[in-house]
Structures are given as structure tokens and as C-alpha cells.
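Overview (structure and organization)
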Amino acid sequence: MVFTVKKRTIVLFVTNLVLGALVFRTLSVYTKIETVEPPGKPTPLPVLVSAGSGGLNLPLFLASSRNHSDRVKMEKVKEMMQHAWGGYVKYAWGHDDLNPVSKTPHDWYRSQNLLNTPVDSLDTLYIMGMREEYKAAKKLVLDTLDFSTITEYVSLFETNIRVLGGLLSAYDLEGDEAFLRKAVELADRMLPAFDTPTGIPINDLKLATGEVKENTEAVLSELGSLQLEFQYLSDVTGNPIYAEKALYVFEQMQTIKVDIPGVFPDSFNPYEFGVMGNKVAIGGRCDSYYEYLLKLWLSTGDKKYFDMYYVAAKGIADNMVITAAAGHIYIPAGRVTQAGNKFSVISETMFEHLTCFAGGMFATGALASRTGDWVKHLSVGAGITEACWKMYNQSSTGIGSENCDGESLRLNNQQYILRPEAVESLFYMWRFTHDQVYRDRAWTILLAYEKYCRNDAGYHGLQNADSATPLPIDRQESFFLAETLKYLYLIFADDDTIPLEKYVFNTEAHPLSVRGHGKRADSSKFVPLPPKYKTPIGKLNPQAKITKRKAV
């Protein structure tokens, strides 16, 4: 393969396997401009020791100083959670979200809601030891959340990551079967969305009736962020239907040819085998698909999902990582163009906040596998985490925004809606290195939240994060409680508070135990992988109820 490159050098801390010490390695990051390799050529897969059916059973990422917690800072994060939760209880009880400026409630689906904040907050309250608040949230959810009354179209993706994920995590942590029963009811009501010719689900459906809204496209992050929860549900119930429906989507996708191996455009045709458009990214509309490939391997031990992830990660690292003139790296969206045997990625200059999650993803995939291009992938993870910190650090508030210019890291769309991705990657890098710089940076961001996002009712977003006097966005997103505050708390907690060797976080930061641990310790319940698919892989289901002509 021949390609043109721009080359920069970055310094990376790499965890030493034998000594557990930190050593310096100098790595080169390349920006590929053009390839002359035939599009879609298979990527050689690294050798990886196959796990048994009982799970991956990862060794400790770091064996020493696992009890190294910072109790003072943990208590501060807990106080922030108490404040955010208290505002919700006072002004928005029984609704989805709090508007902390106007001190009013907000519901997602007109007058109907899925109790997003209470469900999203359950595991955070539990982990932080907020027992009375947890009991109140639990009672509200179990007593009043009635899916049979939801007659508005809801987002399959959002309902899965927030509500199903939140219920399953609460079940995993506390063990109350009532959460599992509620989760099963919800998943059963979500199944009609998968009844398309390809098995790729439609995102909009009514939970009360199973009616699906006809849609001409399926978004990559939406169709690819169901598998972790559905496969977990099959493992803990012994019912294969959930894994069968969700994992079949990944199998069908692998039969579709794309220019960069493993890297898909952001939308699909759910009725036929094909992608729509040529935009590739790991930010909005794409991000959690790649995250879930990796976490399916971590949660099940099935090498197939690592292979899918590795091909995609290599495709991203080799073709989409840009090295700025200042030396930092970033991963913008791009358009794939093809001419004969050549394909090029024409990159945008915008770097999305959502992409900041990839720091943790690349680092986790590298250190959990330690095979193939893992050292390069680890450098990408560290580099993205660094770039996201710089985006925050050079803004007037010390807080990032929806996106920035990739070269300068100056904020473009200056809105900040309490997103978690930057602190998420700081969390992973702390757990993998115990380098104090990651805790220090998390604390700096926390102080900025306190100064610019806190009011007397809770926490709000910012309209202009690069202003010394930013205006508020009147919304306390549920993911601030589910993700941002949880990751901050875990950065300062010890390594055995939700250990990464035993849990994976879904894309809403809801921890689920992996096979061999927690609620998945009993391998007798595990659904065999791969499940038995009713329609052969690569074929269309002629009996599908949802067609392009009519949605029923």
C-alpha cells in the first residue's frame, strides 16, 4: 500500500506490562491522504487468545495502588449530585428533565415521558451511596413508569441507552428482580422495530402499540447502540430473542461493502442492503456503534466482536486521524471519494465534542487486547484525550463546546449542554495510568462547572462557552447525572469502585457486569453466541412487517 503522509511526533505514557510502571514511548501519528489499495480489501486480523464461554476474564489493568482514592473530591462530586438531584425533585418530579433556570419540568414526548432523569440517575445514586435518594427514585420508577401509556413515537436509541440501560444497571447493582421485570417489558415492546427486511431497526416506535414510524434511513449510532443491553438481557433471562434481534444487525452490516474496511457511513437503508451517502465519522450519528463493537467483546469474550472492532479502529486510525500543525491530533468527519482503485477521505475541519469519547475507547481496546496495532491505537486514545482537554483549557470558561476547529481547537458552536465525553476519557486514562494529571484536569473542569453552570436549582448548559459571562441554556440534561457526574466521581474513587475488568459502561455510562461477574456470573444462563438467526445472514426477510411502502 502506498500513501502520502504528514508526520508528527507525540510522546505517550504507555503502561508497562511486566513492571506496571510508566515508560515513555515516542510514536508517530500519520494522516493518510490517499490510498491505492482496492476499496474494501480485508484487514489482516491480529492473533488474540480466544476466551471461553465463561467470559473474557481480563487481568487487572493496574495491579498496584488500586485503593488510591481522593475522598475529599469524591464528596464534592457527591454534593454536586445532591444539588442536581434535589433541583429535579423540587421542580420536576415525575417528569423527564429539569429546566433549572425557569425552574420548570421538561418532557420529551409532549405530555408523556419515560422518567429520563430518575432512571438515568439510579445507578449514580447507588454508587455514591445516596440511599434515601435512591429509594425515592426507585419507588417513582417502579410505581409510575408505565410503558403501555406511551402513545407518542419515542426514540428506540434513546430509550435503549437511557431507560433500558438504566433499569438493567440498577438490577445489576442492587439485584431487585422488579427492575429486570420492568426491563423485559420494555425490551419486548421495542422488538417490533426490528421487523424490517434487513433486520436493521427503525428508530421511531410507539411503546403502547408497537407501531413503527416509516423512515427511509437508519442512523449508524442508533442501529448500532442496542446490542450491549439486549445481549446482556438474554444472558440474565436465558431468553435468546433479545440477543438474536440485536446481534443480527451487526452480522447483516458486515455483508455490506464499504471503502474503508469496518468504517461505515452514517446512514443505512433499513429495507435493502446498502449505505446512504459517504460521510464517515466517529462523532454524531456514528460514535457509539464503534464503542459497542469493543464492549461486546469485553462483555462476552467472543473474539468475533473484537475482530469487527479492530478492523474499524484500524480503519479510523489509518485513514481519519489528522495531525494538526501544532502537533495535536483530532478525528473530524470526512467524505469518502473513490476513483478506480483509489479512495480518499476529504476531511472536515470541525472536531466534535462527541468524538472525545474515542480517547477512552481507543485506550481500552489497546490495553485490553495488547495485540496488532495496539501501541498506535493507545497513542490515538491518549492524543484525543489531550486534544479535548486543550479545547476546554483554552476557552474563556474552561469548558468545551459542541465543536471546535480541529487545527486551533478554538470553539465554533459555542453551546455546551453538560456533555460527558471529555471527562469520560479522562476517567479511562486515569484508571489505566494513575497519572495525576488526569485527576487534576478533571478537578479543573469540575470547578468550571461550579462557576459557570451551577445555579440555585441545579446545573444548566451554556450558550457561549467561550465568553467570560456566558448565557445559560435552560436544561439539566439527564446525562449530566448519569454520565458526567458519575465519571467525575469514579475518577476520584478507587479502582475497585466499578472495576473495568468486571464491568462495561453502556453509552449512557450505565455499568453492566461482564460474563463471569456480577449478574452474569452464572454461565448456565448464557445464550450461545452466535444466536440462531431465523433469516440467514446476508438475506432479506420476505415476511418482514415493516416495508418501505408501509409501516404497521
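Because the structure is predicted, anything quoted here is derived from the model rather than measured. (Residues numbered from 1 in each chain as written. Predicted model: local features only at pLDDT ≥ 70, side-chain atom pairs only at ≥ 80, totals over all residues. Heavy atoms only, no water.)

1. Overview of the overall build of the chain
What counts here: Strands are runs of DSSP state E lasting at least two residues, helices are runs of H or I lasting at least four, and both sets are numbered from the N terminus onward. Radius of gyration here is computed from C-alpha atoms only, and the compact-globule reference equals 2.2 Å multiplied by the residue count raised to the power 0.38. Three exposure classes are used, based on accessible area relative to the maximum for each residue type with a 1.4 Å probe and protein chains only: buried under 20%, partly exposed in between, and exposed over 50%. In what follows, a contact means two residues having at least one pair of non-hydrogen atoms within 4.5 Å. Counted as positive: Lys and Arg. Counted as negative: Asp and Glu. His and the chain ends are not counted at all. All charge positions are set by atom: Lys at NZ, Arg at CZ, Asp at CG, Glu at CD.
Counting its secondary structure elements, the chain contains 15 helices and 19 strands. Taking 2.2 N^0.38 as the reference for a compact globule, 552 residues should give roughly 24 Å; the C-alpha atoms of the chain span a radius of gyration of 22 Å, in line with that estimate. Taking the principal axes of its C-alpha atoms as reference, the chain extends roughly 60 × 55 × 45 Å. A burial count over the chain gives 62% of its 552 residues as buried. Put simply, 72% of the contacts in the chain that link residues at least 6 apart link residues at least 24 apart. Between the averaged position of the 58 positive side-chain charges in the chain and that of its 63 negative side-chain charges there is a distance of 3 Å.

2. Notes on the nonpolar core
Short version of the rule: Working definition of a nonpolar core: buried Ala, Val, Leu, Ile, Met, Phe, Trp, Tyr and Cys residues. They are joined through side-chain atoms within 4.5 Å.
The biggest cluster of nonpolar side chains holds 176 residues, and the ones touching the most others in it are F230, Y290, F362 and Y449. Per element, the largest residue contribution to this core is eleven residues, and it comes from helix 12 (residues 374-393). Excluding residues that lie within four positions of it along the chain, F230 makes contacts with N160, L164, A187, M190, L191, F194, Y242, A243 and A246.

3. Concerning the state of the cysteines
Worth spelling out the cut-off: For this text, the term disulfide refers to a pair of cysteine sulfurs within 2.5 Å.
Taken as a whole and judged by the stated rule, the model has one disulfide. Between the sulfur atoms of C356 and its disulfide mate C388 the distance is 2.0 Å. Around the S-S axis, the bridge from C356 to C388 shows a dihedral of about -105° and counts as left-handed. Note that C356 is positioned in the loop between strand 14 (350-352) and helix 11 (358-369) and C388 in helix 12, a separation of 32 residues in sequence. Relative accessible area serves as the criterion here: at 0%, C356 is assigned to the buried category. By relative accessible area, C388 is classed as buried at 1%. This cysteine, C286, is not joined by any disulfide, and C356 carries the nearest cysteine sulfur, 16 Å off. According to the relative accessible area criterion, C286 is buried, its value standing at 1%. For C404, which is in no disulfide, the shortest distance to another cysteine sulfur is to C356 and amounts to 7.5 Å. Overall, C404 belongs to the buried group, its relative accessible area being 0%.

4. Some thoughts on the side chain of H460
With respect to the secondary-structure elements, H460 resides in the loop between helix 14 (436-452) and strand 16 (461-462). Contact partners of H460, with chain neighbours within four places excluded, come to P100, V101, L418, Y452, C453, R454, N455, P472, I473 and R475.

5. Some points on helix 13 (residues 421-433)
Convention followed: In a helix, the anticipated span is given by 1.5 Å times the number of residues less one.
With 13 residues, helix 13 ought to run about 18 Å at 1.5 Å a step, and its terminal C-alpha atoms sit 18 Å apart, in line with that. Of all 13 residues that make up helix 13, 13 are buried, and the element is covered over most of its length. Two residues or fewer after helix 13 comes H434, characterised by a positive phi angle close to 55°.

6. Points about the packing of helix 2 (residues 116-127) against helix 3 (residues 131-144)
Applied cut-off: Simply put, an axis is a line fit to the C-alpha atoms, just over the touching stretch for a helix, and the angle between two N-to-C directions goes from 0 to 180 degrees. Angles are sorted into four bins: roughly parallel if under 35 degrees, roughly antiparallel if over 145, roughly perpendicular if 65 to 115, and oblique for all others. Take the far helix as your reference; a near helix turned counterclockwise from it by less than a right angle gives a left-handed crossing, and one turned clockwise gives a right-handed crossing. Under this grouping Gly is polar, as are all residues other than the nonpolar Ala, Val, Leu, Ile, Met, Phe, Trp, Tyr, Cys and Pro and the charged Asp, Glu, Lys and Arg.
The N-to-C vectors of helix 2 and helix 3 enclose an angle of 150°; their axes lie 9 Å apart at closest approach. Judged by the inter-axis angle, helix 2 sits roughly antiparallel to helix 3. In this structure, helix 2 crosses over helix 3, and the sense of that crossing is left-handed. On helix 3, the residues touching P118, V119, L122, L125 and Y126 of helix 2 are R131, E133, Y134, A137, K138, L140 and V141. Tallied by class, the residues present in the contact of helix 2 with helix 3 amount to nine nonpolar, no polar and three charged.

7. Description of the environment of R520
By the element assignment, R520 lies in the segment after strand 19 (511-513). With relative accessibility at 1%, the residue R520 sits in the buried group. Sequence spacing of R520 and D172 is 348 residues, and the spatial spacing of their C-alpha atoms is 8.8 Å. Leaving out residues up to four positions away in the same chain, R520 has contacts with Q231, Y232, D235, V236, S299, S513, V514, R515 and F526.

8. Examining helix 2
Counted residue by residue, helix 2 has eleven buried out of twelve residues, so it is predominantly covered. Three or more residues of helix 2 are buried, namely N116, T117, P118, V119, D120, S121, L122, D123, T124, L125 and I127.

9. Considering unusual backbone geometry
For the bond running from L529 to P530, omega is 0°, close enough to zero to count as cis. One can find P530 in the segment after strand 19. Its identity is not glycine, yet L115 carries a phi of approximately 55°, on the positive side. Summarising the element assignment, L115 is placed in the loop between strand 4 (104-106) and helix 2. Taking relative accessible area as the criterion, L115 reaches 4% and is therefore assigned buried. Its identity as a non-glycine residue notwithstanding, H434 has a phi of 55°, on the positive side. Note on placement: H434 falls in the loop between helix 13 and helix 14.

10. As for the packing of aromatic side chains
What counts, and what does not: Two rings belonging to Phe, Tyr or Trp (six-membered ring only in the last case) form a pair when the distance between their centres is within 6.5 Å. Interplanar angles under 30 degrees mark stacking, angles over 60 mark edge-to-face geometry, and anything in between is tilted. Cation placement over rings: the criterion is NZ of Lys or CZ of Arg within 6 Å of the ring centroid and within 35° of the ring normal.
Counted under the stated rule, the structure contains 26 aromatic pairs. Measuring from ring centre to ring centre gives 5.4 Å for F264 and F268, while their planes differ by 45°; the resulting arrangement is tilted. The two residues F264 and F268 agree in class, both being buried. Between the aromatic rings of Y289 and Y290, the centroid separation amounts to 4.9 Å while the plane-to-plane angle is 70°, which identifies the pairing as edge-to-face. Like Y290, Y289 is buried. One aromatic cluster is present, formed by F61, F427, Y428, F432, Y487 and F505 through successive ring pairs. When the ring centre of Y126 is taken as reference, the NZ or CZ atom of R131 above it lies at 4.4 Å. In this structure, K206 packs its charged tip against the face of Y153, placed 4.8 Å from the ring centre.

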